[in-house]
Amino acid sequence: MDGDNHTTVTEFLLLGLSEESEQEDIVFGMFLGMYMVTISGNLLIILAISCDPHLHTPMYFFLANLSSVDICFSSVTVPKALVNHMVGSKSISYTECMIQMYFLFIFGNMDGFLLSVMAYDRYVAICHPLHYILMMSPRFCVLLVAISWVITNLHALLHTLLMVRLTFCSHNAVPHFYCDPYLVMKLSCSDTFINDVTAFAEGGMIIMTPFVCIVVSYAYICSKVLKKPSVQGIRKAMSTCGSHLTVVCLFYGAILGIYMHPSSSYSLQDAMASVIFTVVTPMVNPFIYSLRNRDIKGALRKIILRS
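An unreviewed UniProt entry lists the protein under the name Olfactory receptor, with Myodes glareolus given as the organism. Listed under Subcellular location (unreviewed entry) in UniProt, the entry text for the protein is "Cell membrane". The UniProt entry for the protein carries the following text under Sequence similarities (unreviewed entry): "Belongs to the G-protein coupled receptor 1 family."

Structure (structure tokens):
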């Protein structure tokens, strides 16, 4: 691919997290182990919720959706990295890269929207307990999830189409184990002004809107609990919201680690934040919810005893 001839790039090279073969073997083992744990852990959560009629409530409906999205989110990036390592290749075709980015946009943002929906569910349960069944009807819950899917798909389509319009010439090396949209965009030899503005304006709104909804929901919850403070009330609020808050902090902490840095630089810390966002978070979510939730632990115990 000679840069002087402006040959169009037909594939990208995913350089991974390390260029040393010994470290690559270690990373491969870690990724394989974490991916297997992610799939099995989230499938167990889905199975527990599906098999236990007592868990057929809005909160666990959203949790099952979150587990499904986490499986898909991790599956977008990790299997390709594992296959490339096994066959001794670093390449990914242009089409595969664009498809990977499309689904990264969908599932990454879907996580945020589901977390905001779950925060609203906790707000209704604590602040309006008498109207909970009416406000969080099955139809309304399905509608919230469906709207989230529509928004994230439109968002992914917009940014993927903007990426497709770019021209890539000689440079095709991506210093990551997947097609990070911002790293790929930096390789373009055409003007990325529209992409940058859209990512800042529309992309920022897509990320911040769920976060603001979460903050507002928990502000109302704190206000409700602190109006008549009691040890029992605080303990109940923490048992209800503790797992969700932990996942929210991990999810948005990773986002801050990825995007709150100068666009001209990319360091090891940024790579680690990306790993936490795309690999670690989907893996630990089932453990956070199962370890801190007696209903989930009870349902899992029943499944184990039956088997």
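Novice: Help me understand the overall build of the protein in this model?
Specialist: When you go through the protein residue by residue, the secondary structure sums to 10 helices and three strands. Reading the helices (α) and strands (β) of the protein from amino to carboxyl end gives β-α-α-β-α-α-α-β-α-α-α-α-α. Here the protein has a C-alpha radius of gyration of 21 Å; the compact-globule value for 307 residues is 19 Å, and the two agree. Its C-alpha atoms give the protein principal-axis dimensions of about 70 × 45 × 30 Å. Across the 307 residues of the protein, 46% fall into the buried class. When contacts within the protein are restricted to residue pairs at least 6 apart in sequence, those whose partners lie at least 24 apart make up 78%. Entry remark: accessible area of the protein is about 15900 Å², with carbon and sulfur atoms responsible for 69%. Within the protein, the 19 negative side-chain charges are centred at a point lying 26 Å from the centre of the 17 positive side-chain charges.

Novice: How do you make sense of the pattern of salt bridges when you look at a structure like this?
Specialist: Once their charged atoms are close, side chains differing in charge can pair, the charge on each being opposite to the other. Applying the stated criterion to the full structure yields four salt bridges. Of the charged contacts in the structure, one is a salt bridge between Glu-96 and Lys-80, with a shortest N-O distance of 3.7 Å. Taken together, the residues span a long stretch of sequence, with Glu-96 in helix H3 (residues 94-127) and Lys-80 in helix H2 (residues 58-87) at a distance of 16 residues. A salt bridge links Asp-121 to Arg-122; the shortest N-O distance between them is 2.6 Å. For Asp-121, a relative accessible area of 1% translates into the label buried.

Novice: So what exactly am I meant to see when it comes to the UniProt feature "transmembrane region" (unreviewed entry) in the protein here?
Specialist: Listed under "transmembrane region" (unreviewed entry) in the UniProt record, and renumbered for this structure, are residues 26-48, 60-79, 99-120, 140-158, 203-221, 241-259 and 271-291. Along residues 203-221 the backbone is 100% helical and 0% strand, and the end-to-end C-alpha distance reaches 28 Å.

Novice: Looking at this structure, I do not really get the packing of helix H5 (residues 138-164) against helix H7 (residues 193-227). What am I missing?
Specialist: If you want to describe how two helices pack, look at the angle between their axes and the distance between the axes. Here H5 crosses H7 at 170°, and the two axes come no closer than 11 Å. One element, H5, and the other, H7, form an angle in the roughly antiparallel class. Two secondary-structure elements touch here, H5 through Ile-151, His-155, Leu-158, His-159, Leu-162 and Met-163 and H7 through Ile-194, Asn-195, Thr-198, Ala-199, Glu-202, Gly-203 and Ile-206. When its residues are assigned to classes, the contact of H5 with H7 shows seven nonpolar, five polar and one charged.

Novice: Teacher, can you tell me more about the side chain of Asn-285 here?
Specialist: Along the chain, the position of Asn-285 falls in helix H9 (residues 268-291). In this structure the side chain of Asn-285 is engaged in a polar contact, spanning 2.8 Å, whose partner is the side chain of Asp-70. Residues within four places of Asn-285 in sequence aside, it is in contact with Leu-66, Asp-70 and Val-247.

Novice: I would appreciate a short explanation of the nonpolar core in the present structure.
Specialist: Burial of nonpolar side chains together is a common tendency in soluble globular proteins. One finds Phe-12, Leu-63, Leu-115 and Val-184 to be the most contacted residues of the largest nonpolar core, which totals 86 residues. Considering each element in turn, this core owes the most residues, 17 residues, to H3. Apart from the residues lying within four places of it in its own chain, the contact partners of Val-184 are Phe-12, Cys-97, Met-98, Met-101, Met-163, Phe-168, Val-174 and Cys-179.

Novice: Even after reading the chapter, I still don't get a negative patch on the surface, so can you show me in this structure?
Specialist: A surface patch of like charges, here negative, comprises Glu-19, Glu-20, Glu-22 and Asp-25. A residue is classified by how much of its surface remains accessible, and Glu-19, at 71% relative accessible area, is exposed.

Novice: Would you mind going over the pairing of strand E1 (residues 11-14) with me for this structure?
Specialist: Going residue by residue along E1, you find Phe-12 and Leu-14 tucked away on one face and Glu-11 and Leu-13 left uncovered on the opposite face. Where E1 and strand E2 (residues 91-93) come together, three bridges link them in antiparallel fashion. Among the inter-strand pairings, Leu-13 is bridged to a residue of E2, identified as Ser-91. Relative to strand E3 (residues 173-174), E1 is paired through two bridges, and the arrangement is parallel. Looking across to E3, one finds that Leu-14 is bridged to Val-174.

What counts, and where the lines are drawn
- Residues numbered from 1 in each chain as written.
- Predicted model: local features only at pLDDT ≥ 70, side-chain atom pairs only at ≥ 80, totals over all residues.
- Heavy atoms only, no water.
- UniProt positions renumbered as here; feature names shortened; annotations may be inferred.
- Helix = DSSP H or I, 4+ residues; strand = E, 2+ residues; numbered from the N terminus.
- Rg over C-alpha atoms; globule rule 2.2 N^0.38 Å.
- Buried < 20%, exposed > 50% of the residue type's maximum accessible area, 1.4 Å probe, protein only.
- Contact = heavy atoms within 4.5 Å.
- Areas by Shrake-Rupley, 256 points an atom, 1.4 Å probe, with all protein chains shown as cover.
- Lys, Arg positive; Asp, Glu negative; His and termini not counted.
- Charge placed at Lys NZ, Arg CZ, Asp CG, Glu CD.
- Salt bridge = Lys/Arg side-chain N within 4 Å of Asp/Glu carboxyl O.
- Axes fitted to C-alpha atoms, helices over the stretch in contact; angles between N-to-C directions.
- Parallel < 35°, antiparallel > 145°, perpendicular 65-115°, else oblique.
- Nonpolar A, V, L, I, M, F, W, Y, C, P; charged D, E, K, R; others polar.
- Polar contact = N/O pair within 3.5 Å; in protein donor to acceptor, adjacent residues only side chain to side chain.
- Core = buried A, V, L, I, M, F, W, Y, C linked by side-chain atoms within 4.5 Å.
- Patch = residues over 30% accessible without salt bridge, like charges linked within 9 Å, V, L, I, M, F, W, Y side chains within 5 Å.
- Pairing = 2+ DSSP bridges.

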